[in-house]
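If you want the building blocks of each chain, they are given just below.
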Amino acid sequence: MNLNFPVVKQMGERAILVQFEPEINEMLLEKLLFYKNRIEKYYIKEKVEVINTYNSLLISYMFNIEKVYDEILTIKHLLEEANIDKNIDSRLFHVPVCYDKEFGWDLEYVCLEKKLSIEEVIRLHTQPIYTVYFLGFLPGFLYLGGLYKRLQISRKIQPRLKVEKGSVGIGENQTGIYPKTGPGGWQIIGKSPVELFDKNKMPPTEITPGDKVKFFPILNSEYKEIQEAISKGGFQLRRENYGN
Amino acid sequence: MGTEIEVLQPGLFSSIQDFGRTGFLKYGVPLSGAMDNFSAKMANLVLNNRPDSAVLEITQMGPKLKFHSSTRIALSGADLSAAINNIPIKVNIVYSIKEGDILSFGKPVLGMRTYLSVAGGFQTEMELGSRSWYDGITSYYRLEKDQKIPIHPVNNSIVYTYSSVKVSQKLLLKEEVDVFEGPEFYLLTKEETDSLFQNAFSIDKNNNRMAIQLKEELKNNLEPIITGPVLPGTVQLTPSGKLIVLMRDCQTTGGYPRVLQLSNQAMDVISQKSVGGKFRFKLQTLGNNSFV
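Predicted, not measured: the structure shown is a model, and the values here were computed from it. (Residues numbered from 1 in each chain as written. Chains lettered and ligands numbered in written order. Predicted model: local features only at pLDDT ≥ 70, side-chain atom pairs only at ≥ 80, totals over all residues. Heavy atoms only, no water.)

**Points about the overall build of chain A**
Stage number 1. When its secondary structure is counted, chain A shows 5 helices and 14 strands.
Stage number 2. Over its C-alpha trace chain A gives a radius of gyration of 20 Å, about what one expects of a compact globule, namely 18 Å for 244 residues.
Stage number 3. When the 244 residues of chain A are sorted by exposure, 52% land in the buried category.
Stage number 4. About 12400 Å² of surface is accessible on chain A, with carbon and sulfur atoms providing 50% of the total.
Stage number 5. Between the mean site of the 33 positive side-chain charges and the mean site of the 32 negative ones, chain A shows a separation of 2 Å. (Helix = DSSP H or I, 4+ residues; strand = E, 2+ residues; numbered from the N terminus. Rg over C-alpha atoms; globule rule 2.2 N^0.38 Å. Buried < 20%, exposed > 50% of the residue type's maximum accessible area, 1.4 Å probe, protein only. Areas by Shrake-Rupley, 256 points an atom, 1.4 Å probe, with all protein chains shown as cover. Lys, Arg positive; Asp, Glu negative; His and termini not counted. Charge placed at Lys NZ, Arg CZ, Asp CG, Glu CD.)

**Some points on the environment of Glu119(A)**
Residue and element names in this part refer to chain A.
Stage number 1. Turning to its location among the elements, Glu119 is positioned in helix H4 (residues 118-126).
Stage number 2. Since its relative accessible area comes to 59%, Glu119 is described here as exposed.
Stage number 3. Once the C-alpha coordinates of Glu119 and Ser231 are considered, the two residues, 112 residues apart in sequence, prove to be 30 Å apart.

**Points about the packing of aromatic side chains**
All names here are of chain A.
Stage number 1. Summed over all chains, the structure comprises 19 aromatic pairs over all chains.
Stage number 2. Ring geometry for Tyr178 against Trp186: centres 6.0 Å apart, planes inclined by 70°, an arrangement best described as edge-to-face.
Stage number 3. For Trp186, a relative accessible area of 7% translates into the label buried.
Stage number 4. Pairwise contacts between aromatic rings join Tyr54, Tyr133, Phe134, Phe137, Phe141, Tyr143, Tyr178 and Trp186 into one cluster.
Stage number 5. A cation over a ring is seen here: Lys156 above Tyr109, with NZ or CZ 5.8 Å from the ring centre. (Phe/Tyr/Trp six-rings, centres within 6.5 Å; stacked < 30°, edge-to-face > 60°. Lys NZ or Arg CZ within 6 Å of the ring centre and 35° of its normal.)

**Details of the pattern of salt bridges**
Oppositely charged side chains can form a pair if their charged atoms are brought close together.
Residue and element names in this part refer to chain B.
Stage number 1. Applying the stated criterion across every chain yields a total of 21 salt bridges over all chains.
Stage number 2. One salt bridge in this structure joins Glu57 and Arg209, with 2.9 Å as the shortest N-O distance. Placement of the pair is Glu57 in strand E3 (residues 55-59) and Arg209 in the loop between strand E13 (201-207) and strand E14 (211-214), with a sequence separation of 152 residues. Side by side, Glu57 and Arg209 carry an identical accessibility label, which is buried.
Stage number 3. Asp268 is paired through a salt bridge with Arg248; the nearest N and O atoms lie 3.4 Å apart. Here Arg248 lies in the loop between strand E17 (243-246) and strand E18 (253-254) and Asp268 lies in helix H4 (residues 264-270), a separation of 20 residues in the sequence. (Salt bridge = Lys/Arg side-chain N within 4 Å of Asp/Glu carboxyl O.)

**Quick notes on the pairing of strand E16 (residues 234-237) of chain B**
All names here are of chain B.
Stage number 1. Here E16 shows two buried faces, one formed by Thr234 and Gln236 and the other by Val235 and Leu237.
Stage number 2. Here E16 pairs with E17 via 3 bridges, running antiparallel. Within E17, the residue paired with Val235 across the bridge is Val245.
Stage number 3. Between the antiparallel neighbours E16 and E17 lie 5 residues, among them Gly241 with a positive phi of about 100°. (Pairing = 2+ DSSP bridges.)

**Here we look at the environment of Ser96(B)**
Stage number 1. Its location among the elements puts Ser96(B) in strand E8 (residues 95-97).
Stage number 2. The sequence separation of Ser96(B) and Ser274(B) amounts to 178 residues, and the corresponding C-alpha distance is 30 Å.

**Focus on the environment of Leu79(A)**
All names here are of chain A.
Stage number 1. As for its position among the elements, Leu79 is in the loop between helix H2 (68-78) and strand E5 (90-98).
Stage number 2. Judged by its relative accessible area of 9%, Leu79 is buried.
Stage number 3. Placed 71 residues apart in sequence, Leu79 and Val8 show a C-alpha to C-alpha distance of 9.8 Å.
Stage number 4. Beyond its immediate stretch of four places on either side in the chain, Leu79 contacts Pro6, Val8, Val18, Phe20, Tyr35 and Ile39. (Contact = heavy atoms within 4.5 Å.)

**Structural notes on the sheet that holds strand E3 (residues 48-52) of chain A**
Residues and elements named next belong to chain A.
Stage number 1. Read from one edge of the open sheet, 4 strands run E1-E2-E4-E3, paired in antiparallel fashion. Unpaired on one side and paired on the other, strand E1 (7-10) and E3 mark the two borders of the sheet. Strand-to-strand twist in this sheet, taken as the mean axis angle between neighbours without regard to direction, amounts to 15°.
Stage number 2. Seen against the sheet, helix H1 (residues 26-42) touches E3 and strand E4 (56-61) and runs at an angle of roughly 175° to E3.
Stage number 3. In this fold H2 packs onto E1, strand E2 (15-19) and E4, with an angle of close to 155° to the strand it touches most, E1. (Axes fitted to C-alpha atoms, helices over the stretch in contact; angles between N-to-C directions.)

**A short note on helix H1 (residues 37-46) of chain B**
What sets the pattern is the α-helix's 3.6 residues per turn: residues three or four places apart point alike.
Residue and element names in this part refer to chain B.
Stage number 1. Along H1, 7 of the 10 residues are buried, which leaves the element largely enclosed by surrounding structure.
Stage number 2. Inspection of H1 places Asn37, Ser39, Ala40, Met42, Ala43, Asn44 and Val46 among the buried residues, and these make up the whole buried set.
Stage number 3. In the core, the buried residues of H1 are packed alongside E3, strand E5 (71-79), strand E10 (110-118) and H4.
Stage number 4. Of the residues that open H1, the one with a side-chain oxygen 3.2 Å from the backbone nitrogen of Phe38 is Asp36.
Stage number 5. Where H1 ends, the next residue or the one after it, Asn48, has phi of about 65°, a positive value. (Polar contact = N/O pair within 3.5 Å; in protein donor to acceptor, adjacent residues only side chain to side chain.)

**Section: the sheet that holds strand E9 (residues 102-104) of chain B**
Residue and element names in this part refer to chain B.
Stage number 1. Strand order across the open sheet formed by 6 strands is E7-E6-E9-E4-E1-E11, with antiparallel pairing between neighbours. The open sheet terminates on both sides in strands that have one partner only, identified here as strand E7 (87-88) and strand E11 (148-150).
Stage number 2. Pairing between strand E6 (residues 83-84) and E7: 2 bridges, direction antiparallel. If you follow Ala83 over to E7, its bridge partner there is Pro88.

**Examining the side chain of Gln236(B)**
Residues and elements named next belong to chain B.
Stage number 1. Looking at where Gln236 falls in the secondary structure, it is placed in strand E16.
Stage number 2. Relative accessible area serves as the criterion here: at 6%, Gln236 is assigned to the buried category.
Stage number 3. Leaving out residues up to four positions away in the same chain, Gln236 has contacts with Val230, Lys242, Leu243, Ile244, Leu246, Gly254, Gly255, Tyr256 and Pro257.

**Quick look at the nonpolar core**
Stage number 1. In terms of nonpolar packing, the biggest core is built from 32 residues, with Leu243(B), Leu262(B) and Phe281(B) touching the most fellow members.
Stage number 2. In terms of residue count, H4(B) provides more of this core than any other element does, 4 residues in total.
Stage number 3. For Phe281(B), the residues in contact, after removing those within four places along its chain, are Val177(B), Val179(B), Leu196(B), Phe197(B), Phe201(B), Leu214(B), Leu260(B) and Leu262(B).
Stage number 4. If you look at the next biggest cluster of nonpolar residues, it comprises 29 residues, including Leu107(A), Val121(A), Leu142(A) and Leu144(A). (Core = buried A, V, L, I, M, F, W, Y, C linked by side-chain atoms within 4.5 Å.)

**Thoughts on the interface of chain B and chain A**
Stage number 1. At the junction of the two partners, chain B supplies 42 residues and chain A supplies 45 residues.
Stage number 2. Between chain B and chain A the total buried area reaches about 3600 Å² when both faces are included, carbon and sulfur atoms providing 63% of it.
Stage number 3. Among the residues chain B hides against chain A, the three largest losses belong to Tyr27(B), Ile226(B) and Pro229(B). Together they make up 18% of the total.
Stage number 4. Viewed at the interface, chain A and chain B are joined by 2 salt bridges.
Stage number 5. Among the ionic pairs, Glu127(B) bridges to Lys199(A), the shortest N-O distance being 3.5 Å. (Buried area = accessible area lost by both parts, 1.4 Å probe.)

The values reported here are purely geometric and, on their own, carry no functional implication.
Written as C-alpha cells, this is what we have:
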C-alpha cells in the first residue's frame, strides 16, 4: 500500500488523524507545529483540541463528527499551505539535574556498560541542546530529541515498580524526566528538583513543543536549595530566546 | 454533621467521575471520565441531574457508605446487589435517603461497574475543568476508608414520588462490539484480520481504568511505530500478540500499532465485562470516509 503523506483519516467517531512521513526530525516538527497552529486558529470558536507527536497531528472533537467528508476536506485544505513560517518562538530552558549517586540509581551501571566515567556521562548528558517534540505519557512528560549515541542504552529488563518523581532517565535514544512517581523502565542517572507540571498554574506546563532544553549539573546541596525555593514559590527556570 | 457521605469501607475500587477533562491533552493529561458513559448519564437523568454531573463509579465489589444528610440517590449500570440499610434496591430508581442511612453492596450479579448519583451531583474538587479523579490531578484517585465526600443537602420533607426509568439492560449483555479501522489496521495480513473478526476475545485479569488487556493473543509481524497519538478506545497490538484496549485514563501517546478503534458504545459495553467476559469485534465503516 502506497501512502501519500500527509494521510488524513478519521480515528474513531471523534477524531481525525493526520500522519506525515514516519520520521523524527526538526524540520518535520516545524512543519507539524505550523499546521497545528493553522488548524487551531481555524477552529478557534469550536471545542476542538489539536496535539502533535513526532509525525502526527490528532484533531479531537467534543462530539461525534457529523460530516466527516467535509471535515477531512477542510483539514486537507489547511494542510496545503506550502510556505512554512519558521518563526516559531522557541525558548531554551536550563533544567538543573543532580547526578549524585543518591538519585542516579543506575549511574554506575551506565558507566560500566558504556565504558565511561561518571564525569563523562554527566558531560555527555548536559552538552546537547534537546528539542521538545511533544508532551505525553504522563502529565508534564517531555519527549526530548537529541540524546548522544554514546549514551544510548537499553531499558531495564525488569522495569522498576517505583521510580521517583523528578528522576532523569535514559532508554534507547530517549532521555527525559519522570513527572510523577510511578513504574518506569529507563536507566536512572539523576534527579531534577523542578516541577514540570503544576495543575494550579495556567498553562500547567511552561515548556511547549518546539522549545529547547539543556540540563546543567547541580550538587546535592543545591538540589535541596532549589527544592526549598520551589516549595516557597520562589523558583523559576532560567530561559532565553533561542534561534531565529 | 455536614452534608457529606462517609466511606465506612472502600470496596474494591471506586472513583468520582464525570465526562472527563478536555483541553489538556497537549500537556499529557488523560481525558478520564466514566468508563461506561451511558450508565453514568442514566444515573444522572433518573435523578433529574445535569447528565454530566459527577457520579461515583463503583467497580465490582462496592463500598459501604454512610449518609450524613438526607438526599436522593439513584444507581445505574451493573447490578452489584446494592442495599439501603440492608434492604435490597434496584438500578434506575430514585431512592430517598435519610441522615444515617447506609448504602452497601454485595455480590456482583450482572456487569462490572455501577454508577451512584446523588441529587445535584457530587461536590468534590474541580481540577482542570473536571471532577474526574486521576492520580496527580485530584487529591484522591480512589475511594479510601474514612474519606468524606461532599454533596448538596436536599430537603426530603416533601414526600417524593419514586420515579423509575425503564433502561434496557441490553448493553450489559451485548457480545458484539462495533469497531473501526485503526491507523495501522492496513498493515495486518488477511489471516490476521480474519482471526481478529472471527474469534471471540475475553477480558484478561490485567484490566483497569487505563487499559483492558485481552486474554487471546494475535500472532503478528507488525513493527512498533514511532510514538503517536492514542485515544480511549484505541486497540494496540504488541509484538508478542497482546491486544490492549485503551480506556478512559489512558496515556495520550503510545508506540504500539493501533489496529482498531472502538466506538463510544463499544467502550461502554466492554467496561461492563468482568474477567473472562467474552465478546467479538464487529468492523464498521466510518461515515463518508470511503469517498475520500
